[in-house]
Amino acid sequence: MATVKKSKKKIIVPICIVLVIAIAAGAIFGISRANRGEEVTLYTIATDDIYETVSLTGEVSAGTVKEYKVATVATVKEVFVNVGDKVKKGDVLATFNVESLDSQISSLRSNYNDALSSYNSSAKAQKTAKAKADELASQIAATERQIEKLSLSTTTAAKKTTTKKRTTTTTETVPTRPVAVPSSRTTTTTTTTTTSSTSTTEADINTLADALRQLNENLTAITNDLDTLATMTEIITSTITDVLASGIVDSDYIAQQVGKALSQAMRDGIIDSAQLLVESDVAVKMVEAAVSAIDFSSIASSLVNSKNVSLTAAELQLAAQQAQYAIYNAQADDSIVKAQKKAADASKKALDALEQQKKDMEEGWIASFDGTVTEVAVEPGLQTTAFTTGIKLENLDSMAVTVSLSEYDLHKVKVGMPAEITTAYGSYEGEVAAIAPTATGGSSSSILDSVGSMAGISGLSSLTDSGAGVDCTITIPDTDDNIVAGFDANVQIETGEYLGVTVVPNESIKLEKTGSYVYVYNEEDSTVTKTQIETGAVSDTSYEVKSGLKVGDKIVAAPASDYEEDTFKVKVVTK
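1. Concerning the overall build of the protein
Each helix and strand in the protein was counted, giving 12 helices and 19 strands. When each of the 575 residues of the protein is scored for burial, the buried share is 35%. Counted over contacts in the protein with a minimum sequence separation of 6, partners at least 24 positions apart contribute 79%. Element-wise, carbon and sulfur atoms account for 52% of the exposed surface of the protein, whose accessible area totals about 33,200 Å².

Written out as structure tokens, the structure reads:
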């Protein structure tokens, strides 16, 4: 029997016709729909009352809980309770052998005494340094006044000498005709020489002052005792001054004389070798090396050749005073003293804590209220471990629920607000009793609660393990056997009443990243326009409208999620 092949072209043609018809029908329907307008139902804005609440889930616990913990290592002597035992306030729960704590207390007391001694020494040194710095500041001011006075005397003397030279030269050069040119030249040369000498002296004084400051800083590697430092600085400075005054500028020779002076002072007891950070001979060598490094031959020649010996001596004295002042002023800073005070306080706190722990454990663990023992983790003869719960005592006659407040709910909830606690067996009245000062947990709550806030749902972060939150305790004064510690309970906290406010239903709002929107109806042209509004309080069914709508406005009751335009025609229907 012959097989008849059907043509593919004959099959394709009918399919294409069907598609064309479908597309055309869709277009016609779309045009017709656009002409008719989107079918919507409307809601007229009015006023109503909003009772705002925060809804959360938390864990039921005893209203009063006491965990007896051991903050150190000790040996359990006796345990007098078991799990489930009911005890009275004042009952002994357990006793301990605390002899092992004596050595720990002794060690902490030694650490505290050392820290306190260091602090006292630093505080005394700081006070001494400040006094020395103030004293040197006065001495520097006096020396500067002396230098100013000596400089003025030198300038006056130089002027008199110049005048005398000018008169003599003029007379000798031109006895019969007073021409000023030769004497003018002579005078100019003399004046220039005097100014240059003064400038050079000042430059050399500044250079020497810097060298002495650096030398004084190097002394801090030898001693940290201020009195010893001051004595060494005085000996070094006076020795350098005396040698320079004698006309000797050889650095090695000056260094040797300084070393001899220091060694003699140590032998005579003027310098206490016990206050040195290194051996005395090493200290002398270190100072000699520092002094020898100063190029006295280049910076002190003008000083020793200066005709005004008093001015040069005063300048050297000022350089030494400024060097000492820099060191004392630095050591008068209180940063070291503050750090050592902090260390001493920390040592004292640790000592006090351990001594109190010993006292408490000598007396034994005592029940601080009537309650039920719900946990016992210690046994006679065993050693305790730091920060491990030993015994837990709970008052099960009063109960509480702990919930986690998000950053969006925290500002709404206040201590004293009423709450309703709901379990599988009934509802109970409660009250917000405490709110923790800090948050605990992760960092994802901001996203969850941002979404929840826009949707009118509170506390989404408390339903996750990663959401950060602030612990809030709600007490339940009247309880029964149906509310059990350890079970979960739903909590609704009444956070505010807003009476007679403009409201909009939850389902009428479109929530977007940029804000909250509704579609406002315009009766004149039968269109709706997407309009942003500002919301306030929120309940399970509606939002308070703060701006963007007024009473009497009509909006789309339940806008669709696929509107493509912000303004479009609508057909109002009643459902």
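2. Overview of the sheet that holds strand β7 (residues 365-366)
Across the sheet, 3 strands lie side by side as β4-β6-β7; this open sheet has antiparallel pairing. Looking along the sheet, the strands with just one partner apiece sit at the ends: β4 (75-79) and β7. Judged from the 4 bridges that link them, β4 and strand β6 (residues 92-97) form a sheet pairing that is antiparallel. Of the residues in β6, the one forming a bridge with Thr75 is Asn97.

3. Considering the environment of Lys88
If you trace the backbone, Lys88 turns up in the loop between β5 (86-87) and β6. Separated by 284 residues in the primary sequence, Lys88 and Thr372 place their C-alpha atoms 8.9 Å from one another. If sequence neighbours within four positions are ignored, Lys88 has contacts with Ala367, Phe369 and Asp370.

4. Some words on the pattern of salt bridges
What the rule picks out here adds up to 11 salt bridges. A salt bridge links Glu67 to Lys392, with the nearest nitrogen and oxygen atoms 3.6 Å apart. Here Glu67 is found in strand β3 (residues 46-70), whereas its partner Lys392 is found in strand β9 (residues 388-405), with 325 residues between them in sequence. A relative accessible area of 35% means that Glu67 is categorised as partly exposed. Note that Lys130 is salt-bridged to Asp134, the shortest N-O span being 3.4 Å. Linking Lys130 with Asp134, this pair stays in helix α2 (residues 101-173), spanning 4 residues, or about one helical turn. With relative accessibility at 42%, the residue Asp134 sits in the partly exposed group.

5. Focus on the nonpolar core
Counting residues in hydrophobic clusters, the biggest one holds 31 residues, and the most contacted among them are Ile236, Ile240, Leu262, Val287 and Val291. Contacts of Ile240, omitting those with residues within four sequence positions, involve Leu212, Ile254, Val258, Val291 and Phe296. Ranked by size, the runner-up nonpolar core spans 23 residues in total, among them Val81, Val87, Ile105 and Tyr112.

6. As for the packing of aromatic side chains
Any pair of aromatic rings gets described here by the distance separating the centres and the angle formed by the planes. Tallied over the entire structure, the rule returns 5 aromatic pairs. Arranged with centres 4.8 Å apart and planes meeting at 65°, the rings of Phe96 and Trp365 form a pair that is edge-to-face. Of this pair, Phe96 sits in strand β6 while Trp365 sits in strand β7, placing them 269 residues apart in sequence. Phe96 gets classed as buried once you look at its relative accessible area, which sits at 3%. For the ring pair Tyr563 and Phe568, a centre distance of 4.8 Å and an interplane angle of 55° mean the geometry is tilted. Judged by relative accessible area, Tyr563 falls into the buried class, the value being 14%.

7. Considering a negative patch on the surface
Taken together, the side chains of Asp48, Asp49, Glu420, Glu429, Asp478, Glu494 and Glu497 make up a negatively charged region of the molecular surface. Looking at the negative patch, the elements that each hand over two or more residues are β3 and β13 (488-505). By the secondary structure assignment, Asp48 is in strand β3. Here Asp48 falls in the partly exposed class, since its relative accessible area comes to 43%.

8. Some points on the pairing of strand β12 (residues 470-476)
Burial of β12 is one-sided: the residues Val470, Cys472, Ile474 and Ile476 facing one way are buried, the residues Asp471, Thr473 and Thr475 facing the other way are not. Two strands pair when backbone bridges link them, and strand β11 (residues 426-435) and β12 are joined in this way by 4 bridges, in the antiparallel orientation. Bridging from a neighbouring strand, Ile435 pairs with Cys472 of β12.

9. Describing unusual backbone geometry
Look at Ser526: it is not a glycine, yet its phi comes out positive at around 55°. Looking at the secondary structure, you find Ser526 in the loop between β15 (515-522) and β16 (527-538).

10. Some points on the packing of helix α4 (residues 226-245) against helix α5 (residues 251-267)
Where α4 meets α5, the axes come as close as 9 Å, and the angle between the chain directions of the two elements is 140°. By the angle between their axes, α4 is oblique relative to α5. For the crossing formed where α4 meets α5, the hand is right-handed. Contacts between α4 and α5 involve Met232, Ile235, Ile236, Thr239, Ile240, Val243 and Leu244 on the former and, on the latter, Tyr253, Ile254, Gln257, Val258, Ala261, Leu262 and Ala265.

11. Some details on helix α6 (residues 280-292)
In this model α6 runs 18 Å from its N-terminal to its C-terminal C-alpha over 13 residues, within 8% of the 18 Å that 1.5 Å per residue would give. Regarding α6, the residues found buried are Ala283, Val284, Val287, Glu288, Ala290 and Val291. All buried residues of α6 fall inside an arc of 165° around its axis, so they share one side. Residues Asp281, Lys285 and Ala289 are exposed on α6 and point more than 90 degrees away from its buried face.

12. Quick look at the side chain of Glu544
Tracing the sequence through the fold places Glu544 in strand β17 (residues 542-547). Summary of buried charges: Glu544 has no salt-bridge partner, and the nearest side chain of opposite charge, Lys546, is 5.3 Å away. Apart from the residues lying within four places of it in its own chain, the contact partners of Glu544 are Ile50, Tyr498, Val501, Thr502, Glu534, Thr535, Gly536 and Ala537.

13. Considering the packing of α5 against α6
At their nearest, the axes of α5 and α6 sit 8 Å apart, and the two run at 155° to each other. As summarised for this structure, α5 and α6 are arranged roughly antiparallel, according to the angle between their axes. Viewed along their axes, α5 and α6 form a crossing whose handedness is right-handed. Two secondary-structure elements touch here, α5 through Ser251, Asp252, Ile254, Ala255, Gln256, Val258, Gly259, Leu262, Ser263 and Met266 and α6 through Ser280, Ala283, Val284, Val287, Glu288, Val291 and Ser292.

14. Topic: a nonpolar patch on the surface
Side chains of Phe80, Val92 and Ile366 sit close together on the surface and give an oily, nonpolar patch of about 220 Å² of accessible area. Structurally, Val92 is set in strand β6.

Parameters and conventions
Residues numbered from 1 in each chain as written. Predicted model: local features only at pLDDT ≥ 70, side-chain atom pairs only at ≥ 80, totals over all residues. Heavy atoms only, no water. Helix = DSSP H or I, 4+ residues; strand = E, 2+ residues; numbered from the N terminus. Buried < 20%, exposed > 50% of the residue type's maximum accessible area, 1.4 Å probe, protein only. Contact = heavy atoms within 4.5 Å. Areas by Shrake-Rupley, 256 points an atom, 1.4 Å probe, with all protein chains shown as cover. Pairing = 2+ DSSP bridges. Salt bridge = Lys/Arg side-chain N within 4 Å of Asp/Glu carboxyl O. Core = buried A, V, L, I, M, F, W, Y, C linked by side-chain atoms within 4.5 Å. Phe/Tyr/Trp six-rings, centres within 6.5 Å; stacked < 30°, edge-to-face > 60°. Patch = residues over 30% accessible without salt bridge, like charges linked within 9 Å, V, L, I, M, F, W, Y side chains within 5 Å. Lys, Arg positive; Asp, Glu negative; His and termini not counted. Charge placed at Lys NZ, Arg CZ, Asp CG, Glu CD. Axes fitted to C-alpha atoms, helices over the stretch in contact; angles between N-to-C directions. Parallel < 35°, antiparallel > 145°, perpendicular 65-115°, else oblique. Left-handed = near helix turned anticlockwise from the far one by under 90°. Expected span 1.5 Å × (residues − 1). Arc of directions from axis to C-beta.

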